Amino acid sequence: MLGAMKRRALGLAWLVAVVAVAVLAVGTLPSSAGDGAAQLAPQYRQWLADVALIITPQERTTFLALAKDYQRDGFIQRFWEARNPYPGTVHNAFKEQWEARLDKARESYGNIVEDRARMLLLHGPAAVFKTDCALALWPTEVWHYALGERIPRDFYLIFYQRGNGGPYRLWRPSDGYHELLAGGGTNIGKKSDDYWEVRQVITDNCQRDAPMVMHGIFSARNAEDLHLFDHFEKPPPPRDPEWLQTFGSLSTDLTAGARELPARVEIKFPDKLRGRTVVEGSVLVAAAAATATQLGDHRSYNFLLHGEVLRDAALFESFRYRFEVPVASVAGETIPLTFERSLWPGDYVLILRLEDLASHAGFRDERPLAVPRLETARAAPGGDARSAGKEQQAAAGGGQPASPAGGVASPAAVGAAAAATVKLVPPEGNLVSGAVRIDAEVGGEAIRKVTFFLDGKEMLSKTRAPYSVELNLGELPRAREVRAIGYDAAGGELASDTLRLNAPRQRFAVRLVEPRPGTRASGRIGARAEVNVPDGATLERVEIYLGEDRVATLYQPPFAQSVALPQRAGSGFVRAVAYLADGSSSEDLVLFNTRDFAAKVDVRLVELYATVLDGTGRPVVGLAQGDFRVYEDGVEQPIQRFVQVKDLPINVVMLVDTSASMARSLGQVQKAALSFLERTLTPKDRAALISFNDAPLLRAPFTNDLPTLAGALAGLNAERGTALFDSLVYALSYMKGAHGQEALLLFTDGDDRLSRLSFEKTREFARRSGIAIYTIGAQIPRLDIQDRGRLGKLAEDTGGRAYFIDSAAQLADTYKAIEEELRSRYLLVYQAPAEAGGAAFRAIEVRAGAGREVKTLRGYYP
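All values reported here derive from a predicted model rather than from experimental measurement.

A.B. asks: Where do I start with the pattern of salt bridges in this structure?
C.D. replies: When their charged atoms lie close together, side chains carrying opposite charge are able to pair. A complete count under the given rule lists 36 salt bridges for this structure. Across the salt bridge formed by Arg 550 and Glu 543, the nearest N and O atoms sit 2.6 Å from each other. Exposure remark for Glu 543: the relative accessible area of 2% places this residue in the buried category. Taking the shortest distance from any N to any O, the salt bridge between Glu 853 and Lys 855 comes out at 3.7 Å. Owing to a relative accessible area of 42%, Glu 853 belongs among the partly exposed residues under this scheme. One continuous salt-bridge network, built from bridges that share partners, spans Glu 481, Arg 500, Arg 511 and Glu 530.

In structure tokens, the structure reads:
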């Protein structure tokens, strides 16, 4: 017994040593961190240890660069919110789950760094089978994970404790089978790395446990062949991968040795907003001390403003603005740089750091900020109270943890006992159609009526709770706008909210919410923009222009800026331009102070991606613009732009049938699809994977990361029925708005018994999408004319192509042909005729010479 106790003591000491080394490896102890973690307070070092598995290198670097504890607290708050599956909610399900798993790992294993602890943290508890086979195996555990959101297939993990002491290690087939075998077993002649010999040893010596152990070994071999171990050990990515960029630099300390920039700060409280007070700050820079930059004939002053608001010594919010001031616009001795935030009444500390980007001179100001409670809202100069309220909404700050949910309160709420709010609750699901109930959450006693609008048309008014409306959105999902406005007893607007349904997810677009077209303004005008960023893309900045002059560059929401107008300002326009990290841009423009009627002219350009085939069905390359003729409704249209698109980015969605009828061919489908992606995707291309049986499931959003796509493909399994048409509409809706050429690759056996949508409705939606569909019908009997015909029509109408194969073994050649087509297309652009009226389908025909077939979009709905 004493010997056993000694062995346990030695084992415990060894375990402590191993854990200490492992803890050092993740940088939680100062002696080996080497990256600044040693200087952190214990609670921050502990936090880094707790999140070591899920924090990215960029996040860790940013955290360690922060100088103050309140900045670190703000970082930690944003870190968890970026992983919150339900953003903005009080309870963060991801954080709560992670903390519960930390407790479980420490309770079960005494640490969070052992392999078993890591897997528990990443994937939660598993079904655990513990072996009792000391004659053949080290102490071994077989863990089974079922298919789930982050687990692409049923997965088995094997952990073993070599030498009957120390931590358990995760076994991989590449480690060798002999690693699992106990070295001192009398029935094992030698350590073997031959699968069949090891299998025989385990079978002979572990009769009861052998089936489970061998099943785990076989599963691990298969997983390693499919490169799934790396996928399984990857941490869950943030829901918001761009949060670090919006977080920005929180440091408000001046750069060492920087020249001082003469400036002063003025603070005003011009208005109230939903119970908060609008804080208008101005940094007045001495013009003589500023340095101008010159680009061509344009000379401007360029400044970067970092701001922090502290409350009770904690970070309340941070913000960043960039200002570009044309030299010609500076008339006095100072250059006024104005920013706005919206804060609850109370005591704060405001810290500002301004940098002259030309000279790198700096100005820093730190001051207490007593925000008063305003009882009334003020009218904007030259405008009414309602326009003033909306103008100030454009400058509302973000990040206040206790701000009301949604709604836009106008100054009509003056004298209300409590702030009035209206918040529309989005319905469940990514796509919404048919009969839908929309609920509004209403706050404040002053609201007496809520009116609902659909696409600008009044639908229903409610004078008491529940504030809800039943809407018929139509059979097919399309972009719709629902608006709810709360009114007081006198009919004055108190608060409102807008909900956009079925918005194109992949369309990069910026929209000016304020000012509204035709706004009358003088003195100042508020600009506020909303941006839709596609999957896999990163928003870099939003620029605000007054006329042709850029007045501000914004790097994080809210994308709002108060803009000073010239004296006696006449008609003009505000413009917002958004940029992605890859250089793509989108813009919107709103006119103000227009004398009579003025509107933006909608010039519709029709883009046609066309493939030209010769008499043998092979793509024809090397054609020129003069070889093409384009006809809309029989009338020839001049081609305004012509491009051979071999090098243009491709956005492709692979829509794969995983119903039970696909069971025999699914393995070949997975291999062929992966081979297609490996050959086709370049760094500027993106692909997504959607599987479907009785419902569609987004397995991998748009990405060019092959391991992610491979892991998603490996997780496909065949079961249940088929809803082909509903799933096709879902996939097209997911793709809608992507920039560049788009293609949907549909693999199916053609059977559909569960879809809510008919084929004709699906065909109409496909026509409207403008996305080329390549259909691959597998093992569809030649006599089944209906299924073949439907797949053929979907491809023909959209400029794709239909393929029919007798076995999945033919897929490799099919995918190769599709790849060749996608890299051999032509882009033809023409302006849609303005005189063509109505919403009827407009037929398109493209010709490219005798003996050649042109495959392109057959038409469109205006």
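A.B. asks: Even after reading the chapter, I still don't get the nonpolar core, so can you show me in this structure?
C.D. replies: One recurring pattern in soluble globular proteins is that nonpolar side chains are buried together. Counting residues in hydrophobic clusters, the biggest one holds 62 residues, and the most contacted among them are Trp 47, Phe 63, Leu 157, Ile 202 and Ile 217. Considering each element in turn, this core owes the most residues, six residues, to strand β3 (residues 155-160).

A.B. asks: Any chance you could explain the sheet that holds strand β17 (residues 468-472) here in plain terms?
C.D. replies: Strands in a sheet are paired, the pairing made by backbone hydrogen bonds, and the direction either parallel or antiparallel. The three strands lie next to each other as β13-β14-β17, forming an open sheet whose pairing is antiparallel. Looking along the sheet, the strands with just one partner apiece sit at the ends: β13 (421-425) and β17. Across this sheet, the average inter-strand angle for adjacent strands is 25 degrees, counted without regard to direction. The sheet contact formed by β13 and strand β14 (residues 435-443) spans five bridges and is antiparallel. Each bridged residue has a counterpart across the sheet, and for Val 422 the counterpart in β14 is Val 442.

A.B. asks: How should I be thinking about the side chain of Glu 821 in this particular structure?
C.D. replies: When you line up the elements, Glu 821 lands in helix α18 (residues 811-822). Setting aside chain neighbours within four positions, we find Glu 821 in contact with Thr 611, Leu 613, Pro 619, Tyr 774, Arg 801 and Tyr 803.

A.B. asks: What is the right way to look at the packing of helix α3 (residues 42-50) against helix α4 (residues 57-65) in this model?
C.D. replies: The relative placement of two packed helices is expressed as an angle between their axes plus a distance between the axes. The contact between α3 and α4 brings their axes to 12 Å, and the two run at 180 degrees. Regarding the angle of α3 to α4, the classification is roughly antiparallel. Contacts from Tyr 44, Trp 47 and Leu 48 of α3 reach α4 at Arg 60, Phe 63 and Leu 64. Counted by class, the contact of α3 with α4 contains five nonpolar, no polar and one charged residues.

A.B. asks: What am I meant to see in helix α6 (residues 93-109) here?
C.D. replies: Every α-helical turn comprises 3.6 residues, leaving residues that sit three or four positions apart pointing alike. With 17 residues, α6 extends 24 Å between its outermost C-alpha atoms, agreeing within 8% with the 24 Å of an ideal straight helix rising 1.5 Å per residue. If you check which residues of α6 are buried, you get Phe 94, Trp 98, Arg 101, Leu 102, Ala 105 and Tyr 109. In a view along the axis of α6, the buried residues occupy a sector of 110 degrees, so they form one face of it. Exposed and facing more than 90 degrees away from the buried side of α6 are Asp 103 and Glu 107. Packing partners of the buried residues in α6 comprise α3, α5 (69-81), α7 (115-123) and β2 (140-145). Capping of α6 at its N-terminal end is provided by Asn 92; its side-chain oxygen lies 3.1 Å from the backbone amide nitrogen of Phe 94. Just downstream of α6 lies Gly 110, where phi reads positive at about 80 degrees.

A.B. asks: When you look at the sheet that holds strand β4 (residues 169-171) in this model, what are you seeing that I'm missing?
C.D. replies: The strand order across the open sheet formed by four strands is β1-β2-β3-β4, and the pairing between neighbours is antiparallel. At either margin of the open sheet sits one strand with a lone partner, and together these are β1 (127-130) and β4. Neighbour-to-neighbour, the strand axes of this sheet turn through a mean angle of 30 degrees, independent of strand direction. By the bridge criterion, four bridges tie β1 to β2 in an arrangement that is antiparallel. Across the sheet, residue Phe 129 finds its bridge partner in β2, namely Val 142. Lying over the sheet, α7 contacts β2, β3 and β4, oriented at roughly 10 degrees with respect to β2.

Conventions adopted
Residues numbered from 1 in each chain as written. Predicted model: local features only at pLDDT ≥ 70, side-chain atom pairs only at ≥ 80, totals over all residues. Heavy atoms only, no water. Salt bridge = Lys/Arg side-chain N within 4 Å of Asp/Glu carboxyl O. Buried < 20%, exposed > 50% of the residue type's maximum accessible area, 1.4 Å probe, protein only. Core = buried A, V, L, I, M, F, W, Y, C linked by side-chain atoms within 4.5 Å. Helix = DSSP H or I, 4+ residues; strand = E, 2+ residues; numbered from the N terminus. Pairing = 2+ DSSP bridges. Axes fitted to C-alpha atoms, helices over the stretch in contact; angles between N-to-C directions. Contact = heavy atoms within 4.5 Å. Parallel < 35°, antiparallel > 145°, perpendicular 65-115°, else oblique. Nonpolar A, V, L, I, M, F, W, Y, C, P; charged D, E, K, R; others polar. Expected span 1.5 Å × (residues − 1). Arc of directions from axis to C-beta. Polar contact = N/O pair within 3.5 Å; in protein donor to acceptor, adjacent residues only side chain to side chain.

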